[in-house]
Amino acid sequence: EWLSNKIAAGEVVERPASVVKEFVENAIDADATTIEVFLEEAGLSFIQVVDNGSGMSEEDALKSFARHATSKIEKEQDLFRIRTLGFRGEALASISSVCKMTMKTSDGQGGAELYIEGGHIKSQKPAALRQGTDITVAQLFYNTPARLKYLKTVQTELGHSMDLMNRLALGNPHIAFKLVHNGQVQLQTNGRGHVQQVLAAIYGAHNAKKMFEFTGETNDYKIHGFATLPELTRASKNYISIFVNGRWVKHYLVQKAVVDAFHTYLPIERYPIAALFIEGDPQLTDVNVHPAKHQIRLSKEPELLQLVEQTIRAAVRDVVR
Ligand code: ADP
Ligand code: MG
């Protein structure tokens, strides 16, 4: 079992940002309202994620390291209507097999502090902690030197975690996020539910102030979001963030629809900063296209693309006028 965990780890855990992603998504699934991430050397030497979510009892904490230990799929049918972020139940098992991990967790009544090395529980004691979970990872990939070799510079690895945190913060404005790297705050949001505050935290208050809002809907989809005119920023295509039912996605055609909406009025080779939130019946979106869950297939795509382009174009027209 240890070997299969290590193999699975190769798929789930590519780099420090993969660990951050799995832990933060678990915290979101646990209904945390504050999530703090501390990294040293971009997470290569140290990763800590602290949340104030539901936490776990001692029994659940021990179970959470077993493979396919997910508490998140009730019926098989749920696989087709997935709302929570995690659903494969292998992240903790996989990650714990390639690092030295400490998990402190409490559900408010019981809890545990576990120390796990290379996938084996080495020590266990009662947790002294208010409700929530505090996981630290030291020496990621210490026992998989081949994986270590593929890692890039601290700056590149940090960039991956920052992109990830930015997306998660934008997709969850009601959660207060904090990302600290080598003692320096990289991102901090207030969790009051305002996308504009998150945009200001990521892109700076001066850019956020210039953004306009847009909303639109069809029978099947609702969209809303914020954007700036491209001429005002040095943004690249990467500054267009797209979310479907709260989940960040890569979708080339939706991104193109956003860009096209601007180019009707501003035919220049520049990109807006934009955050686009698409809401629709989960049955219309297929999350299972890619295991990393970023690529999705959308039903009624032409209808959605038209909605996106027309809604933003109308908003741009009002701003330009
Ligand atoms: P998945 O998220 O796919 O269910 P994981 O391996 O990421 O699988 O986590 C296993 C289980 O551990 C989760 O289903 C959840 O019950 C529990 N868990 C993990 N992290 C947390 C957390 N931060 N707070 C509460 N429960 C957690
Ligand atoms: Mg998970």
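Residues numbered from 1 in each chain as written. Chains lettered and ligands numbered in written order. Predicted model: local features only at pLDDT ≥ 70, side-chain atom pairs only at ≥ 80, totals over all residues.

Looking at an unreviewed UniProt entry, the protein chain carries the name DNA mismatch repair protein MutL, with the source organism given as Metasolibacillus meyeri. Listed under Function (unreviewed entry) in UniProt, the entry text for the protein chain is "This protein is involved in the repair of mismatches in DNA. It is required for dam-dependent methyl-directed DNA mismatch repair. May act as a 'molecular matchmaker', a protein that promotes the formation of a stable complex between two or more DNA-binding proteins in an ATP-dependent manner without itself being part of a final effector complex." (UniProt positions renumbered as here; feature names shortened; annotations may be inferred.)

**Q** Just to check I follow, could you spell out the sheet that holds strand 13 (residues 274-280) for this structure?
**A** Spatial strand order, 9-10-13-11-12: 5 strands in an open sheet with mixed pairing. Edge positions in the sheet fall to strand 9 (212-217) and strand 12 (247-249), since each has one partner strand and no second. The sheet shows a mean angle of 20° between the axes of neighbouring strands, direction not considered. Where strand 11 (residues 240-244) meets strand 12, 3 bridges bridge the pair, whose relative direction is antiparallel. Each residue of the ladder has a partner; that of Val 244, found in strand 12, is Arg 247. Running over the sheet, helix 9 (residues 252-263) touches strand 11 and strand 13 and is turned about 125° from strand 11. (Pairing = 2+ DSSP bridges. Helix = DSSP H or I, 4+ residues; strand = E, 2+ residues; numbered from the N terminus. Axes fitted to C-alpha atoms, helices over the stretch in contact; angles between N-to-C directions. Contact = placed C-beta atoms within 7 Å.)

**Q** Any chance you could explain the sheet that holds strand 3 (residues 100-106) here in plain terms?
**A** Strands belonging to one sheet form pairs held by backbone hydrogen bonds; the direction of such a pair is parallel or antiparallel. Across the sheet, 8 strands lie side by side as 5-4-3-6-2-1-7-8; this open sheet has mixed pairing. Pairing within the sheet leaves two strands with one partner each, and these edge strands are strand 5 (120-125) and strand 8 (184-188). When strand polarity is set aside, the average angle formed by the axes of neighbouring strands in this sheet is 15°. Judged from the 4 bridges that link them, strand 7 (residues 176-181) and strand 8 form a sheet pairing that is antiparallel.

**Q** So what exactly am I meant to see when it comes to the packing of helix 9 against helix 10 (residues 301-320) here?
**A** How two helices pack is summed up by the angle between their axes together with the distance between the axes. Put simply, helix 9 and helix 10 touch, their axes get as near as 8 Å, and they point 30° apart. Relative to helix 10, helix 9 is oriented roughly parallel. Of the two elements, helix 9 crosses helix 10, and the hand of that crossing is right-handed. Residues Leu 253, Val 254, Ala 257, Val 258, Asp 260, Ala 261 and Phe 262 of helix 9 touch helix 10, and the partners they reach there are Glu 301, Leu 305, Val 308, Glu 309, Ile 312, Arg 313 and Val 316. Residue classes in the contact of helix 9 with helix 10 are distributed as 10 nonpolar, no polar and 4 charged. (Parallel < 35°, antiparallel > 145°, perpendicular 65-115°, else oblique. Left-handed = near helix turned anticlockwise from the far one by under 90°. Nonpolar A, V, L, I, M, F, W, Y, C, P; charged D, E, K, R; others polar.)

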